[in-house]
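Listed below are the residues making up each chain.
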Amino acid sequence: MAPGPFGLDPAIWAILRLLLSLLLAVGLIFNGALAQIYLERKIQAIIQDRVGPIHTGPWGLLQTFADAIKLLGKEDIRAKLTDHWFFLAAPAIVFSPMLASYVVIPFAPGVVGADLNIGLLYLTTLGSMTVLGIVIAGWASNNKYSLIGGLRSAGQLISYEVPQILSLVTVVLVVGSLSMTKMVDSQPGFEINLLVLPLAFVTYFIAGLAETNRNPFDLPEAESELVAGFLTEYSGMRWGLFFVAEYGEVTVVSAIVTTLWFGGWHGPLTDIHPLLGPVLGVLWFTLKTYFFVLVFMWIRATLPRFRIDQLMSLCWKFLIPVTLVNLMVTAVLVLAFPTSKIPVAIANWILLFGFAALIPVVQRRRLSAVRHRLEQRRELALATERSG
């Protein structure tokens, strides 16, 4: 084992590194969730020309802390006909995989809980477990709206895992490793994977929005039609735990994007000192991660919710074919040019522009089909009225 900073014993440094990674993970989850709630309220208020929280604490900074205390003090109410143990276990089933995901995320040089050589596989496996907790929450609630929300989530998350994993496999082909640390090491300076695999980034980010149940993919908890979906029967801190897990998942997806496409902890001055380097690495990693968290919030305030048929069509008829084509092209070029990433980058940028050009074409065809169906219904109604 390599010695730690300032010549620390390797065994002591391993323990300190694990504690530091754990503290960073807990801080990103719990304090990060409080900060993200405040940021989301303020950002949406600015976009919607409102003020947002201002009364509790300076600039409303203590509003989310007050909400957390309120949730902790609320009575945990449970309907009589719910399935007791599954109902109680569902929030933990959703929360635990999200918390475990931080084990393999490299925050800075040497600051990682466990540098697994299959770190990316570990993350995708944990990500697929979230659907289990949501489906159990919907079924155990003994409520038809909750059950529909859980089933919607099952269809949505299982479907969007396909383009998400295909996008990740594209990065693995170029980097040649499943290790999260090696993903970062392969992007020194300005040689970030975004410049090589932009289409994989776009498709992964869209699938990440769906995997975290964020707008415009928040159908499992659509208040306008399902009351609150799988959350309808939950109250108090069990309800809050679902939302902490959601914000934690947003942070995990943003951290994966930062690690795989934006150089992870790499930034100015990260290699100048054995102690100052990791500190600056954590700073750069956090800033990049929270930039994408802000993009999640911006999208929530901008895009309307899809219908369930639109959501599934986007995945199976559009995203999956695009990611398969991207994977095939990347694999062929990696085999043909094993020592250069330039052909892969050129092909991916061409595919990205084709992807962007294809969206309005598909949208126009969809609108034309809708108008045609409406016209047929109108003609049928007029024919029925005349014959009657």
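Not measured: the values here are computed from a predicted model.

Colleague: Mind showing me how you'd approach the overall build of the protein here?
Modeller: In terms of regular secondary structure, the protein is built from 13 helices and zero strands. Its helices and strands in sequence order give the protein the pattern α-α-α-α-α-α-α-α-α-α-α-α-α, from N to C terminus. Taken against the 2.2 N^0.38 rule, which gives 21 Å for 388 residues, the C-alpha radius of gyration of the protein at 23 Å falls within 12% of a compact globule. A burial count over the protein gives 46% of its 388 residues as buried. Restricting the contact set of the protein to residue pairs at least 6 apart, pairs at least 24 apart contribute 76%. Of the roughly 19,600 Å² of accessible surface on the protein, 71% is carried by carbon and sulfur atoms. Taken together, the 27 basic and 24 acidic charged side chains of the protein have centroids lying 7 Å from each other.

Colleague: Would you mind going over the nonpolar core with me for this structure?
Modeller: The nonpolar side chains of a soluble globular protein tend to be buried, and buried together. Ranked by internal contacts, the top residues of the largest apolar core, which has 82 residues, are Tyr-160, Leu-197, Phe-205, Phe-242, Leu-260 and Trp-261. When residues in this core are grouped by element, the largest group, 12 residues, is from helix α10 (residues 236-261). Residues in contact with Phe-242, not counting those within four places in the same chain, are Ala-90, Pro-91, Val-94, Ala-137, Phe-230, Leu-231 and Tyr-234.

Colleague: I would appreciate a short explanation of a nonpolar patch on the surface in the present structure.
Modeller: Nonpolar side chains collect at one region of the surface, where Ile-12, Ile-15, Leu-16 and Leu-19 lie side by side and expose about 370 Å² of accessible area between them. One can find Ile-15 in helix α1 (residues 10-47). Judged by its relative accessible area of 54%, Ile-15 falls in the exposed class.

Colleague: Sorry if this is basic, but what is going on with the confidence of the model for the protein here?
Modeller: Atom-level detail of predicted coordinates should not be read off regions where pLDDT is low. On average, residues of the protein score 83 in pLDDT, and 94% of them are at 70 or above. Averaged pLDDT values over the elements of the protein bottom out at 72 in helix α9 (residues 223-226) and peak at 91 in helix α8 (residues 198-211).

Colleague: Can you help me understand a positive patch on the surface in this one?
Modeller: Taken together, the side chains of Lys-317, Arg-366, Arg-373 and Arg-377 present a region of like positive charge at the surface. The element that contributes the greatest number of residues to the positive patch is helix α13 (residues 342-387), accounting for three residues. Looking at the secondary structure, you find Arg-377 in helix α13.

Colleague: What is the right way to look at the packing of helix α6 (residues 144-175) against α8 in this model?
Modeller: Each pair of packed helices can be described by the angle between their axes along with the distance between the axes. Contact pair α6 / α8: the axes reach a minimum separation of 8 Å and the direction vectors enclose 155 degrees. In terms of their interaxial angle, α6 and α8 are classed as roughly antiparallel. For the crossing formed where α6 meets α8, the hand is left-handed. Facing Gln-156, Leu-157, Tyr-160, Glu-161, Pro-163, Gln-164, Ser-167, Leu-168 and Thr-170 of α6, the residues of α8 in contact are Ala-200, Thr-203, Tyr-204, Ala-207, Gly-208, Ala-210 and Glu-211.

Colleague: Please explain the pattern of salt bridges as it appears in this structure.
Modeller: As a working rule, side chains carrying opposite charge can pair if their charged atoms are close by. One pass over the full model with this rule turns up seven salt bridges. For Glu-40, the salt bridge identified is with Arg-214, shortest N-O distance 2.5 Å. Residue Glu-40 is found in helix α1, and its partner Arg-214 is found in the loop between α8 and α9; the two are separated by 174 residues along the sequence. In terms of burial, Glu-40 and Arg-214 fall into one category: buried. A salt bridge links Arg-300 to Glu-40; the nearest nitrogen and oxygen atoms lie 3.1 Å apart.

Colleague: Explanation requested: unusual backbone geometry in the structure shown.
Modeller: The phi torsion of most residues other than glycine is negative, and most of the peptide bonds are trans. Look at Asp-49: it is not a glycine, yet its phi comes out positive at around 60 degrees. Positive phi, close to 55 degrees, is recorded for Trp-59, a residue that is not glycine. Counting through the fold element by element, Trp-59 comes out in the loop between α1 and α2 (63-73).

Colleague: Any chance you could explain α13 here in plain terms?
Modeller: Along an α-helix, residues three or four positions apart point the same way, because every turn accommodates 3.6 residues. With 46 residues, α13 ought to run about 68 Å at 1.5 Å a step, and its terminal C-alpha atoms sit 67 Å apart, in line with that. In this structure, the buried residues of α13 make contact with α6, α8 and α12 (308-336).

Colleague: Mind showing me how you'd approach the side chain of Ser-146 here?
Modeller: Along the chain, Ser-146 falls in helix α6. Among residues more than four places away in sequence, those in contact with Ser-146 are Gly-138, Ser-141, Gly-229, Phe-230, Thr-232 and Glu-233.

Colleague: In this structure, what is going on with the packing of aromatic side chains? I would like to understand it.
Modeller: Any aromatic ring pair is given by two values, namely how distant the centres are and how the planes are angled relative to each other. Under the criterion given, the structure shown has 19 aromatic pairs. Centre to centre, the rings of Phe-86 and Trp-139 are 5.9 Å apart; their planes meet at 75 degrees, and the pair counts as edge-to-face. Pair noted here: Phe-86 is in helix α3 (residues 84-101) and Trp-139 is in helix α5 (residues 130-140), with a separation of 53 residues, a long-range link. The exposure class of Phe-86 is partly exposed, given its relative accessible area of 41%.

Rules of the game
- Residues numbered from 1 in each chain as written.
- Predicted model: local features only at pLDDT ≥ 70, side-chain atom pairs only at ≥ 80, totals over all residues.
- Heavy atoms only, no water.
- Helix = DSSP H or I, 4+ residues; strand = E, 2+ residues; numbered from the N terminus.
- Rg over C-alpha atoms; globule rule 2.2 N^0.38 Å.
- Buried < 20%, exposed > 50% of the residue type's maximum accessible area, 1.4 Å probe, protein only.
- Contact = heavy atoms within 4.5 Å.
- Areas by Shrake-Rupley, 256 points an atom, 1.4 Å probe, with all protein chains shown as cover.
- Lys, Arg positive; Asp, Glu negative; His and termini not counted.
- Charge placed at Lys NZ, Arg CZ, Asp CG, Glu CD.
- Core = buried A, V, L, I, M, F, W, Y, C linked by side-chain atoms within 4.5 Å.
- Patch = residues over 30% accessible without salt bridge, like charges linked within 9 Å, V, L, I, M, F, W, Y side chains within 5 Å.
- Salt bridge = Lys/Arg side-chain N within 4 Å of Asp/Glu carboxyl O.
- pLDDT = per-residue confidence, 0-100.
- Axes fitted to C-alpha atoms, helices over the stretch in contact; angles between N-to-C directions.
- Parallel < 35°, antiparallel > 145°, perpendicular 65-115°, else oblique.
- Left-handed = near helix turned anticlockwise from the far one by under 90°.
- Expected span 1.5 Å × (residues − 1).
- Phe/Tyr/Trp six-rings, centres within 6.5 Å; stacked < 30°, edge-to-face > 60°.

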